Amino acid sequence: MAVVILITTFLVILLTLLLKVAYDTISCYFLNPIRIRKIMEKQGVYGPKPRFLTGNIIDMASLVSSAVSQDMKSINHDIVARLLPHFVAWSNQYGKRFLYWNGIEPRLCLTDTGLIKEFLSKRSLISGKSWQQQQGSKHFIGRGLLMANGKDWHHQRHIVAPAFMGDKLKGYGGHMVECTKEMVESLENVVKCGVSEVEIGEYLTNLTADIISRTEFGTSYEKGKQIFHLLTQLQARCAQATRHFWFPGSRFFPNTYNREIKCMKMEVERLLMEIIQSRKDCVEMERSNSYGSDLLGILLDEIKKEGGNLNLQLVMDECKTFFFAGHETTSLLLTWTVMLLASNPHWQDKVRAEVKEVFKGETPSVDQLSKLTLLNMVINESMRLYPPATVLPRMAFEDFELGNLYIPKGLSIWIPVLAIHHSEELWGNDANEFNPERFASKSFIPGRFIPFASGPRNCVGQSFAMMETKIILAILISKFSFTISENYRHAPVIVLTIKPKYGLQVCLKPLDP
Ligand code: HEM
C-alpha cells in the first residue's frame, strides 16, 4: 500500500511539473506575445508581422545585409538607412512608435525624447536587461554590472561606482598619459622607418586596452593581451552561435560552436584567476596590506565584507564586463574622431591651436582638461554622428505607465540612439553634417543626445572615457597632423558597436616639438 501511495505521489508531482513546463512554454512562446501584441495594438502601436519563433530577425538580417553590402561612395555621415534599415522601413510604414519581434521578445521602438528621458531616469529598477540579452552575452560578460538587474544591479553599481569618481578618477590620468606616450613613440618609430600610412584604429584599440588593464586591474596590456584576444574571439563566436542556433534549447547542443565557446570561456577564467590570485597572494604573504585601490582591489575587498553577496565568480564576471565595456567603446570614439578631424582639416587646426594654448607644450594635466572647449565639442559631435552604442534595449519587468502609453511586463523598450542622433526634426537640416558648433551652447533638449544613456543606469565609465579621450587626442594632435589615406574606404558597420569595416587608414606627419 505504502509503495502505491509513494508511486502515486511521485506521478502526481511529475505530472504537475510537466504541466507547469508545458504551460510556461506555451505562455512564453504563444500567450504572452499575443497578449502584448493586443495591448499595444489597442494603443495604436503596430508593426511588421512576426514569424513563428524567429519574429522579425530574418527580415532585419536581410535588410541589414543588403544595406551594408556595398561601401559608401564618399565620406558621408548619412548612415541611418545603412545601419538601421529596419528602423527606417518600419518607422515609415508604421509611424514613430512601432512594435517588432526579436525572436519571441517584443520590442517597442521609442524615439520620443520626453518619454525616453522619463523612462531612463525613473524606471531603472523595474526595467533592465532581458533574458535574451543576458544569454547572448553570458559567456563574455556573465552576471557583471552591464547585464545585472534589480537589486543585484543596484548593489554592484554601488560597489564599483567609487572607482570612477573624484580623486580616484583623477589618479588614472598619469597612467593614461604614460600609455599614450608609448603609443606615440611607436607611431614615431613607424614613421621614421618611412611608413607614413597607418591603420590607426588598431593602435587605438591596443591603447585603450592597455589603459583599462593598468588602471582597473593593475596589469599591463601585454599581460592582459591573451585575455583580450580570447574575449574578442569569444564575443565573435557567441554572435555567430546566436545567428545559427536561435531555436529553444540550442545552447545545450554539443555542437562545434558550443564546445569552442566553453573552452575559450574556461581559458579566460583561468587567466583572470591567475591575476586575482597573485593579488590575493600579495596580501596573504603580507607583501602588501591591501588589495589595492583600483577596481579589482575594491572588488576583492568587498568579498571579505560580511553580508556582501560578491563571490569570486562575480569578480571574474565584473573583470570581463569592464574589459569588454571599457575599451572598445572608447577606442571607437577615438577612431571616428580621428576620421572626422582628418577629413576636416580646419577643425583639426583649431583643436591643435587650443591644445597648444592650454598646455603650452607641456604634458596634459587632468585639471586643465576642462579648458579644452573645442575638443569637447568635437568629441560630442563625433559621438552624435557615430555613437559607439547604437541602440539601448531595456525590458519592462512590471506593468507601468509611460506618458500616455501603458507598458506591459515583458515588453522591451528599444531606443535607437543612432536614429535619434541623426534626426533632422531634432537637430535641423544639417543633422548628417559634421558641425561641432552645435555643441557650443550647453542647453540641450533632454533625451536627444544619449551616447552614454542617461539616468541612474547610465554609463558608469562616462567620466573615465571622456578624460581618456581628451588626453589621448590632445597628445596625438600635438605630435602629428593627419589626413585620410586614399586607401580608406568609408564603410561603417555594426558589430555590437559601430566600426569602420576595413579600419581607418590615415597618413601621419610628425609636427615639430
Ligand atoms: C566612449 C566610450 C563609452 C560609451 C559611448 C559608453 C556607452 C555606454 C552606454 C550607452 C551604456 C548603457 C548600456 C545599456 O544600458 O544598455 C554603458 C554602460 C556601461 N558602461 Fe559604458 N561607454 C563607454 C565607455 C565606458 C568605459 C571606459 C567603461 C569602464 C571603464 C564603461 C563601463 C560601462 C559599464 C560597466 C556599463 C554598465 C552600467 C550599468 O548598467 O549600470 N563604459 N556605456
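Keep in mind that this is a model prediction, so the values were computed, not measured.

1. Concerning the site of the ligand
Right, on to step 1. Residues in contact with the ligand amount to 23 residues; listed here are only the nearest, Ala325, Gly326, Thr329, Cys459 and Gly461.
Right, on to step 2. Contributions of two or more residues to the shell around the ligand are made by helix H14 (312-342) and helix H19 (462-479).
Right, on to step 3. The element best represented in the shell around the ligand is H14, accounting for seven residues.
Right, on to step 4. Tallied by class, residues from the shell around the ligand come to 16 nonpolar, five polar and two charged.

2. Topic: the sheet that holds strand S9 (residues 480-484)
Right, on to step 1. The three strands are arranged S4-S12-S9 in an open sheet whose pairing can be described as antiparallel. Edge positions in the sheet fall to strand S4 (197-199) and S9, since each of these pairs with one other strand and no more. Across this sheet, the average inter-strand angle for adjacent strands is 40 degrees, counted without regard to direction.
Right, on to step 2. Seen against the sheet, helix H9 (residues 173-192) touches S4 and strand S12 (505-510) and runs at an angle of roughly 85 degrees to S12.

3. A few points about the environment of Lys96
Right, on to step 1. Looking at the secondary structure, you find Lys96 in the loop between helix H4 (85-94) and strand S1 (98-102).
Right, on to step 2. When the 11 C-beta atoms within 10 Å are taken as the criterion, Lys96 is described as exposed.
Right, on to step 3. For the pair Lys96 and Ser370, spaced 274 residues apart in sequence, the C-alpha to C-alpha distance is 38 Å.
Right, on to step 4. Once you skip the residues sitting within four places of it in the chain, Lys96 turns out to touch Ser91, Thr111 and Asp112.

4. Points about the environment of Ile211
Right, on to step 1. Turning to its location among the elements, Ile211 is positioned in helix H10 (residues 200-217).
Right, on to step 2. By C-beta crowding, Ile211 is classed as buried, having 27 other C-beta atoms within 10 Å.
Right, on to step 3. A C-alpha to C-alpha distance of 31 Å links Ile211 and Ser130, two positions 81 residues apart in sequence.
Right, on to step 4. Excluding its chain neighbours within four sequence positions, the residues that come into contact with Ile211 are His175, Met176, Cys179 and Glu468.

5. Comments concerning the pairing of strand S10 (residues 492-495)
Right, on to step 1. The pairing of S10 with strand S11 (residues 497-500) spans four bridges and is antiparallel. Opposite Val495, over in S11, you have Thr497 as the bridge partner.
Right, on to step 2. Here S10 folds back onto S11 in antiparallel fashion, the turn holding one residue, of which Leu496 has a positive phi close to 70 degrees.

6. A few points about H14
Right, on to step 1. Spanning 31 residues, H14 covers 45 Å between terminal C-alpha atoms, matching the ideal 45 Å at 1.5 Å per step.
Right, on to step 2. Counted residue by residue, H14 has 29 buried out of 31 residues, so it is predominantly covered.

What counts and how
- Residues numbered from 1 in each chain as written.
- Predicted model: local features only at pLDDT ≥ 70, side-chain atom pairs only at ≥ 80, totals over all residues.
- Near = placed C-beta within 6 Å.
- Helix = DSSP H or I, 4+ residues; strand = E, 2+ residues; numbered from the N terminus.
- Nonpolar A, V, L, I, M, F, W, Y, C, P; charged D, E, K, R; others polar.
- Pairing = 2+ DSSP bridges.
- Axes fitted to C-alpha atoms, helices over the stretch in contact; angles between N-to-C directions.
- Contact = placed C-beta atoms within 7 Å.
- Buried ≥ 20, exposed ≤ 12 C-beta atoms within 10 Å, placed from the backbone.
- Expected span 1.5 Å × (residues − 1).

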